[in-house]
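One-letter residues, chain by chain:
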Amino acid sequence: MKLETMDKVITTTAIAVTVANAAPATSIFAQGPAQLKADDGWLDITIVAANNWTGAIAASQHLLQTAIQHRPTERDDIGYLQAQWVKITTNPPQKVVLDGEMVGMTPIEVCGVPQGLKIYVPTQHLDEPVEKLTGLPNLEIVEKFPQPEQS
């Protein structure tokens, strides 16, 4: 699968990719970073890259356990990142499920709409995005914007 954000393109092998704005701990495939915040301005993206059904079951159990404990995943076959926009492409095309309903096939683009839903909560600043991608199989990350050199 290829996952493109505003600042990078990620290519890896995965059995599941979940994009969430907010999800309860029981939505286990959305729980890579844990402690999802509906009002932080970021889409939370979790990539599960288990090699077989046993690995998928173990990854699922781990995601549930870490979500309940409010801590990010630490498995090498699970990656996560945050973005305000994402495009997911797969070969071959895969089913896209939205809130439990199949709505189409990949490719799909998802965009967060800041303040698209009025929810009254205490005001907070935009947190820095979090990500953990190391350990995913066949991982390739291409930065879309050169990073300034450190002096």
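What you see is a predicted model, and the numbers here were worked out from it, not measured in a lab. (Residues numbered from 1 in each chain as written. Predicted model: local features only at pLDDT ≥ 70, side-chain atom pairs only at ≥ 80, totals over all residues. Heavy atoms only, no water.)

Draft legend 1. View of the environment of Thr 11. If you trace the backbone, Thr 11 turns up in strand 2 (residues 8-11). When its relative accessible area of 32% is taken as the criterion, Thr 11 is described as partly exposed. Each C-alpha atom, one on Thr 11 and one on Pro 137, is 9.4 Å from the other, the two residues being 126 residues apart in sequence. (Helix = DSSP H or I, 4+ residues; strand = E, 2+ residues; numbered from the N terminus. Buried < 20%, exposed > 50% of the residue type's maximum accessible area, 1.4 Å probe, protein only.)

Draft legend 2. Structural context of the sheet that holds strand 10 (residues 140-143). A sheet is described by the order of its strands in space; here five strands give the open sequence 9-6-1-2-10, paired in antiparallel fashion. Looking at strand neighbours, the two that pair on one side only are strand 9 (108-111) and strand 10, the edges of this open sheet. Along the sheet, successive strands turn relative to each other by an average axial angle of 15°, direction set aside. Note: strand 1 (residues 2-5) against strand 6 (residues 85-89), four bridges, orientation antiparallel. Paired with Lys 2 across the bridge in strand 6 is Thr 89. (Pairing = 2+ DSSP bridges. Axes fitted to C-alpha atoms, helices over the stretch in contact; angles between N-to-C directions.)

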